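Close look at the chain arrangement
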Amino acid sequence: MHDDLLARARTWLAEDPDPQTRAELAGLIEAGDVAELADRFSGTLQFGTAGLRGELGAGPMRMNRAVVIRAAAGLAAYLKGKGQEGGLVVIGYDARHKSADFARDTAAVMTGAGLRAAVLPRPLPTPVLAYAIRHLGAVAGVEVTASHNPPRDNGYKVYLGDGSQIVPPADAEIAAEIDAVRSLDEVPRPDGEGWQILDDAVLDAYLARTDAVLAPGSPRTARTVYTAMHGVGKDVLLAAFARAGFPTPVLVADQAEPDPEFPTVAFPNPEEPGAMDLAFAAARASAPDLIIANDPDADRCAVAVPHAGDWRMLRGDEVGSLLAAHLVRRGARGVFAESIVSSSLLGRIAEKAGLPYEETLTGFKWIARVDGLRYGYEEALGYCVDPDGVRDKDGITAALLVTELASELKEEGRTLLDLLDDLAVEHGLHATDQLSVRVRDLSVIARAMERLRARPPASLAGLTVTRAEDLTRGTDTLPPTDGLRYTLDGARVIVRPSGTEPKLKCYLEVVIPVAAHDDLPAARTRADALLAAIKQDLSAAAGI
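These remarks concern the structure in this document. Quick caveat, the model's predicted, so the values are computed rather than measured. (Residues numbered from 1 in each chain as written. Predicted model: local features only at pLDDT ≥ 70, side-chain atom pairs only at ≥ 80, totals over all residues. Heavy atoms only, no water.)

1. Structural notes on the sheet that holds strand β3 (residues 116-119)
The mixed open sheet is built from six strands, whose spatial order is β1-β5-β4-β2-β3-β6. Strands with a single pairing partner mark the edges of an open sheet, and in this sheet they are β1 (52-55) and β6 (196-197). In terms of strand pairing, β3 meets β6 through two bridges, oriented parallel. When the sheet's bridge partners are listed, Ala-118 is paired in β6 with Gln-196. Sheet strands in contact with helix α5 (residues 99-112) are β2 (88-93), β3, β4 (140-144) and β5 (153-160), and its direction is about 170° off that of β2. (Pairing = 2+ DSSP bridges. Helix = DSSP H or I, 4+ residues; strand = E, 2+ residues; numbered from the N terminus. Contact = heavy atoms within 4.5 Å. Axes fitted to C-alpha atoms, helices over the stretch in contact; angles between N-to-C directions.)

Below you can see the structure in the form of structure tokens.
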């Protein structure tokens, strides 16, 4: 086994095109570091509906140029097999370590395979790439990004010509083509020629269609503090806000410029504890109407508002409901959609407005494919407010829309929190929370899921579980997925492994009827107590 491991490592080393990872791997071989080599050569980084995502480093279980070249070759073979020979593939990238290298490698592979390749002019938000696919008539798109993962990670997200991320069976078919790549020597890739570097025309077109996101003549007075979370959102968001006529956001200076080390945050995700601390400090100094935050590739949007003398982050479900109510108020027509882990309040809002509503599996790859979609959101800070332009979550246009809403409410002497209170009285208080467990050993997640399947809870927080569903079997409206759903008397719980991070995620919701605004404090106290008790009981049932 030891000899076989070293042989596989040396074979990989001979093909590795990157001097940095070659030196890294050569050092491990010379040191005879069997444990580290075994970790890197225990399999291959698996390509799925989220594309690829993993830690940077040498070997087939890491993100590196050799893995990316194989992935690009597999995608090219898949596209040619679908009759797309000569078609255009648009490639975008963020500012993480190796992102520009991975983008160039992808362009070279596509060109060598007989496809056309066009690379965005510089690191730009993921929604610009999603827009460019349809705008340029491409057959596919690739975004090199690890979104809000830790600094050591990078990723590879694939879109097809409809501008949506891949779903089964495309993922498995591309993965099969990747597995068929025996050697990098088989992959033609011209050196630095044959593909196009796009100019700013595509970005200008993306910004021009943001005009349609806002209502003509709407108020544009809300003042904001903005953080790009060390990512690529700042310049595009500032341009969009200037074009719309909003006040120039106050920037969180220490997080404004792209930095692949993400020095001020443990995890560059607005949902993570501490990530918003600098934004809160900037808001205390400048007293804006709201805080806007993008994640590093700017496809997500977080919002915080003044509350009780300080600042409070809004949950993704709260922002999702606010945007839905705003669009309904503006007379939007079409399907409102969300993933199953998001708040059921959206369904209530759509029903009251006489609008069609759909639930999908987790991820915008599913939400974006809803026929007739007008608005879609997911609780993990993702919002699609202009599906005709971007069929994916878009943190820039979501920021525009929520700032327009805050401006309208400001003109009325009201706030986003006031509108949330109105929605609670109209539809019931929908309180959500999450139990999220990050692990080093993925078997912990597998054991927790196995335990819950073997012994599903009969009650949580004293509420009877009226229905327990194993979603691997699918439902009348959903294809199979690795998840569990428990329906309780006045509550709902969904448990699933994360598709992009080593986490077990449990999504909780309780619904409390509210007769009047005066009843809200008691309803919130009751909801908080129930959510805390559900967390405790679910944790015990899962053994986590």
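Don't stop here, the text continues.
2. Things to note about the side chain of Asn-269
Within the element layout of this structure, Asn-269 appears in the loop between β8 (250-251) and α10 (277-286). Here Asn-269 falls in the buried class, since its relative accessible area comes to 3%. (Buried < 20%, exposed > 50% of the residue type's maximum accessible area, 1.4 Å probe, protein only.)

3. Quick look at the sheet that holds strand β16 (residues 429-438)
Pairing within the open sheet is antiparallel, and its six strands lie in the order β16-β21-β20-β19-β18-β17. Sheet topology places β16 and β17 (459-460) at the edges, where each strand pairs with a single neighbour. Sheet topology places strand β19 (residues 484-488) next to strand β20 (residues 491-497); five bridges connect them, and they run antiparallel. Residue pairing for β20: Thr-487 is matched across the bridge by Arg-492. Set on the sheet, helix α16 (residues 443-454) makes contact with β18 (463-470), β19, β20 and β21 (503-512); between it and β20 the angle comes to about 140°.

4. Remarks on helix α2 (residues 19-31)
In this model α2 runs 18 Å from its N-terminal to its C-terminal C-alpha over 13 residues, within 8% of the 18 Å that 1.5 Å per residue would give. Listed as buried for α2 are Thr-21, Leu-25, Leu-28 and Ile-29. Seen end-on, α2 carries its buried residues on one side only, within an arc spanning 100°. α2 presents Pro-19, Gln-20, Ala-23, Glu-30 and Ala-31 as exposed residues on the side facing more than 90 degrees away from its buried surface. Against the buried residues of α2 lie α1 (2-15) and α3 (34-40). (Expected span 1.5 Å × (residues − 1). Arc of directions from axis to C-beta.)

5. Side note on α1
With 14 residues, α1 should cover 20 Å at 1.5 Å per step; its first-to-last C-alpha distance of 21 Å lies within 8% of that length. Residues Leu-5, Leu-6, Ala-9, Trp-12 and Glu-15 constitute the buried set of α1. Looking at the buried side of α1, the elements it contacts are α2, α3 and α4 (65-81).

6. Regarding the environment of Pro-247
By the secondary structure assignment, Pro-247 is in the loop between α9 (234-244) and β8. Residue class for Pro-247 comes out partly exposed when judged on its relative accessible area of 27%. Between the C-alpha atoms of Pro-247 and Ala-222, which are 25 residues apart in sequence, the distance is 7.1 Å. Ignoring sequence-local partners within four residues, the contact set of Pro-247 consists of Arg-220, Thr-221, Ala-222, Arg-223 and Phe-241.

7. A word on the pattern of salt bridges
Applying the stated criterion across every chain yields a total of 45 salt bridges. In this structure, Glu-469 engages Arg-485 in a salt bridge whose closest nitrogen and oxygen atoms are separated by 2.8 Å. With Glu-469 in strand β18 and Arg-485 in strand β19, the pair connects residues that are 16 residues apart, well separated along the chain. Of the two residues examined, Glu-469 and Arg-485, each falls in the buried class. Sharing partners across several salt bridges, the network here consists of Glu-24, Glu-36, Asp-39, Arg-40 and Arg-62. (Salt bridge = Lys/Arg side-chain N within 4 Å of Asp/Glu carboxyl O.)

8. A short note on the nonpolar core
Val-303, Tyr-375, Tyr-383 and Leu-416 are the most contacted members of the largest nonpolar core, which totals 86 residues. At nine residues, the largest contribution of residues to this core is made by helix α14 (residues 395-411). Counting 54 residues, the second largest nonpolar core, distinct from the first, contains Val-68, Ala-76, Val-109 and Ala-113. (Core = buried A, V, L, I, M, F, W, Y, C linked by side-chain atoms within 4.5 Å.)

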